[in-house]
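Observations on the model geometry
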Amino acid sequence: MKLILVAGARPNFMKIAPLIRAIGIHNGKHKGLGTTIRSLLVHTGQHYNLEMSKAFFRNLSLPDPDINLEVGSGSHAAQTAQILLRFETVCEQEAPDWVVVVGDVNSTMASTLVAAKMGIRVAHVEAGLRSFDRSMPEEINRLVTDALADLLFTPSEDADANLLCEGVPASKIKRVGNIMIDTLLLHINEARRRKPFEQFGLMPKEYAFVTLHRPSNVDDGASLACIMDCLERMSGLIPIVFAVHPRTRKNLLQHDLWKDRGKRRLILCNPLGYHDSIGIIDQARFVLTDSGGIQEETTFLRVPCLTLRPNTERPITITKGTNKLTSLGTLHEDIEVILLCGEVPQGGVPELWDGLTGERIIGSLIEHHCL
Ligand code: UD1
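Residues numbered from 1 in each chain as written. Predicted model: local features only at pLDDT ≥ 70, side-chain atom pairs only at ≥ 80, totals over all residues. Heavy atoms only, no water.

By nearness alone, 20 residues border the ligand, and His 47, Tyr 48, Asn 106, Glu 138 and Arg 247 come closest of all. At 2.8 Å from an oxygen atom of the ligand is found a main-chain nitrogen or oxygen belonging to Asn 106. A distance of 2.6 Å separates an oxygen atom of the ligand from a polar atom in the side chain of Arg 247. When the ligand is considered free in solution it has 740 Å² of accessible area, and contact with the protein chains removes 89% of it. Broken down by secondary-structure element, the contributors of at least two residues to the shell around the ligand are α1 (10–29), α3 (76–94), α5 (137–148) and α10 (246–254). The residue inventory of the shell around the ligand, partitioned by class, reads six nonpolar, nine polar and five charged. (Near = heavy atom within 4 Å. Polar contact = N/O pair within 3.5 Å; in protein donor to acceptor, adjacent residues only side chain to side chain. Areas by Shrake-Rupley, 256 points an atom, 1.4 Å probe, with all protein chains shown as cover. Helix = DSSP H or I, 4+ residues; strand = E, 2+ residues; numbered from the N terminus. Nonpolar A, V, L, I, M, F, W, Y, C, P; charged D, E, K, R; others polar.)

Take a look at the structure:
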């Protein structure tokens, strides 16, 4: 069985790593007997900076991509079109049995479209998540990918329900759990050993960690200025480490908002590597974010999370986990509640977020291949 695994942007890399590992385990167990898996890793090049791509390959011990499409940045149409053109050639040359895509970025959607039109089966890992907000580019990517995929691997019950509501046959839906947690479990000890908060002169549970990169929060200068004012006020309550995504950095510089703020209690730094990121989240008093993956990581690590968005495609992190939606209007109050209350929010880890999702996915792909 030949698979092409597609990764393009930072949040894809920790979802691809467990699949590569599970393929290795499978091939090791079935030497010469049963189905052997050949896999090819295709990097679209959507993310290309050292800290957005190569650092993650290194941190996660991922092999170098077999093929890099090097599409780079561009408008949605330009980036998608480049992936369509370049990935089609790869599929023609390699003729895989399956294309496996993860998450909800432009690379996910574009490679799915190519494969589906060529009659190549597509498996989508992290299927069924919905924010019901089509102003989010990722929601369009999720809808298109799930409409075209042949096998939909979901992380949680709500995702199954969304797909069933959209008319996806139950036979295509497999609940396998959360693939990001496989990677988190494998690396959390190393992340804790590194004590990444120390490089900022901070103590465990005595700082907040912030990441913000959604276009709806950071692309508009006025909204970004409000956010920075809010963070400056927030740094009066607790020191903040804000790891700044390239999109956010570009906008901060363009609007002259990148400056020394909050008497050094608001620390702006470059994006962190994988271990430093989960290590700093693990010991944060709370996290403020608009990332999808961090909502899940904080739920798993039982760290309070405030999500600066009006909605989430990961509602289970609210109903079962430690997540709460917030807005600039309610942020200060939400933070005071967290700081005053010594307890971590009650809740638990959702079912099947257990480190074995990669192996379940590979097992299921083999089952379908042999049908
Ligand atoms: C993309 C995903 C988003 C995901 C995020 C994680 C889409 C539609 N969006 O958003 O879902 O949460 O990745 O990081 O697929 N840039 C660099 N270096 C890089 C990559 C980007 O400088 O390596 C800058 C460029 O100026 C680029 C901008 O960041 O124009 C945005 O990059 P892009 O990949 O278009 O979207 P993200 O905001 O990163």
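Moving on: the side chain of Thr 357. Its place among the elements puts Thr 357 in helix α15 (residues 357–370). A distance of 3.3 Å separates a polar atom in the side chain of Thr 357 from the backbone nitrogen of Asn 178. Those residues within four positions of Thr 357 in sequence are excluded, and the remaining contacts are Val 176, Gly 177, Asn 178, Ile 179, Asp 182 and Leu 352. (Contact = heavy atoms within 4.5 Å.)

Turning to the side chain of Ser 131, a few remarks are in order. Among the secondary structure elements, Ser 131 is positioned in the loop between β5 (121–125) and α5. Among the residues examined, Ser 131 registers a relative accessible area of 7% and is labelled buried. If sequence neighbours within four positions are ignored, Ser 131 has contacts with Met 136, Glu 139, Arg 142, Arg 309, Asn 311, Thr 312 and Glu 313. (Buried < 20%, exposed > 50% of the residue type's maximum accessible area, 1.4 Å probe, protein only.)

Attention shifts here to helix α6 (residues 157–165). For an α-helix, 3.6 residues make a turn, and residues three or four places apart therefore share a direction. Along α6, the positions that sit buried rather than exposed are Ala 159, Asp 160, Asn 162 and Leu 163. An end-on view of α6 places all buried positions within 160° of arc, on one side of the element. Those residues of α6 that are exposed and aimed more than 90 degrees away from the buried face are Glu 157 and Cys 165. Of the residues flanking the end of α6, it is Gly 167, one or two places downstream, whose phi is positive at about 90°. (Arc of directions from axis to C-beta.)

This paragraph deals with the packing of α1 against α15. Two quantities define a packed helix pair, namely the angle between the axes and the distance from one axis to the other. The geometry of α1 relative to α15 is characterised by a closest axis approach of 8 Å and an angle of 60° between their N-to-C directions. Taken together, the axis directions place α1 and α15 in an arrangement best described as oblique. Between α1 and α15 the crossing geometry is right-handed. Across the interface between the two elements, Pro 18, Leu 19, Ala 22, Ile 23, Ile 25 and His 26 of α1 pack against Gly 358, Glu 359, Ile 361, Ile 362 and Ile 366 of α15. Of the residues in the contact of α1 with α15, the class split is eight nonpolar, two polar and one charged. (Axes fitted to C-alpha atoms, helices over the stretch in contact; angles between N-to-C directions. Parallel < 35°, antiparallel > 145°, perpendicular 65-115°, else oblique. Left-handed = near helix turned anticlockwise from the far one by under 90°.)

So far we have only geometry, and geometry alone does not tell us how the molecule works.
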